[in-house]
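Structural features, examined
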Amino acid sequence: MYLFQHDQLKVRRLALEDARFLERWLSDPVVLEFYEGRDRPHNRELVMEHFYCGEDDEEVRCIVEFEGEAIGYIQFYPLDVEAREEYGFQDIVGEIYGMDQFIGEPRFWNRGVGTQLIQSTVHYLFAENDAVKVVMDPQTWNTRALRVYEKCGFQRIMLLERHEWHEGEMRDCWLIERNR
């Protein structure tokens, strides 16, 4: 049932009945400030389109549970040829995974849950998926997330200017990586 777990943290594949969590989390302005943007609240239709109708069979979409409660979302995927070229990874041999995540229950913020999630997911990708590198592209202003990622061994390697649409404008992001 669970892809992996560590202490009270468990990660399992997204199920149809989880749409209610995504709809609640992604209509909360506090969460949206950091994921998707406050100008893009998700109703049921948008949740279904964004999380359940994807054509990318290699993307693994998951629910994060902590202390027996669904508290967030994580997805990971092998980088495709275009992304490898964009990031300068075209000559690297082996699987490179990207990942995106959020804790949708703000009462679990600043409790070390995000650190535990990142460390556990990276370990899983290295051990079970034979990844040689894991990358993310957080927005440059999201210093809390960057601190967590750097605490987990990620390093900033490239500024991605005007890389992601967020709250009405293209925002700069950092390409960060962790090598096996």
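Structure's up top.
These lines cover the structure that appears in this document, whether it is placed above or below. (Residues numbered from 1 in each chain as written. Predicted model: local features only at pLDDT ≥ 70, side-chain atom pairs only at ≥ 80, totals over all residues. Heavy atoms only, no water.)

Concerning the sheet that holds strand β5 (residues 95-103)
Reading across from one edge, β1-β2-β3-β4-β5-β6-β8-β7 is the order of the eight strands in this open sheet, with mixed pairing throughout. Whereas interior strands pair on both sides, the edge strands pair on one side only; in this sheet they are β1 (2-6) and β7 (155-166). Going from strand to strand, the sheet's axes swing by 25° on average, the running direction of each strand aside. Its contacts with the sheet put helix α5 (residues 113-128) on β1, β2 (9-13), β3 (60-66), β4 (69-78), β5, β6 (131-136) and β8 (169-179), and the angle it makes with β5 is roughly 160°. (Pairing = 2+ DSSP bridges. Helix = DSSP H or I, 4+ residues; strand = E, 2+ residues; numbered from the N terminus. Axes fitted to C-alpha atoms, helices over the stretch in contact; angles between N-to-C directions. Contact = heavy atoms within 4.5 Å.)

Brief notes about the packing of α5 against helix α6 (residues 143-151)
The interhelical angle for the contact between α5 and α6, taken along N-to-C directions, is 45°, at an axis separation of 9 Å. By the criterion of interaxial angle, the relationship of α5 to α6 is oblique. Pair α5 / α6 crosses with right-handed handedness. Residue-level inspection shows Gly114, Thr115 and Ile118 of α5 in contact with α6, the latter providing Val148, Tyr149 and Lys151. When the residues that make up the contact of α5 with α6 are grouped by side-chain class, the tally is three nonpolar, two polar and one charged. (Parallel < 35°, antiparallel > 145°, perpendicular 65-115°, else oblique. Left-handed = near helix turned anticlockwise from the far one by under 90°. Nonpolar A, V, L, I, M, F, W, Y, C, P; charged D, E, K, R; others polar.)

Overview of the packing of aromatic side chains
All chains considered together, the criterion is met by 12 aromatic pairs. Seen from their ring centres, phenylalanine 34 and tryptophan 109 are 5.7 Å apart, and the 90° between their planes marks the pair as edge-to-face. With phenylalanine 34 in the loop between α2 (29-32) and α3 (44-52) and tryptophan 109 in the loop between β5 and α5, the pair connects residues that are 75 residues apart, well separated along the chain. Classification of phenylalanine 34 by relative accessible area gives partly exposed; the value is 28%. Owing to a relative accessible area of 17%, tryptophan 109 belongs among the buried residues under this scheme. Each ring, one from phenylalanine 51 and one from tyrosine 73, has its centre 4.9 Å from the other, and the planes form 80°; the classification is edge-to-face. (Phe/Tyr/Trp six-rings, centres within 6.5 Å; stacked < 30°, edge-to-face > 60°. Buried < 20%, exposed > 50% of the residue type's maximum accessible area, 1.4 Å probe, protein only.)

Let's talk about unusual backbone geometry
In this structure, aspartate 130 is a non-glycine residue whose phi angle is positive, near 55°. The phi torsion at arginine 162 lies on the positive side, around 45°, for a residue other than glycine. As for its placement among the helices and strands, arginine 162 is situated in strand β7. By relative accessible area, which is 57% here, arginine 162 ends up exposed.

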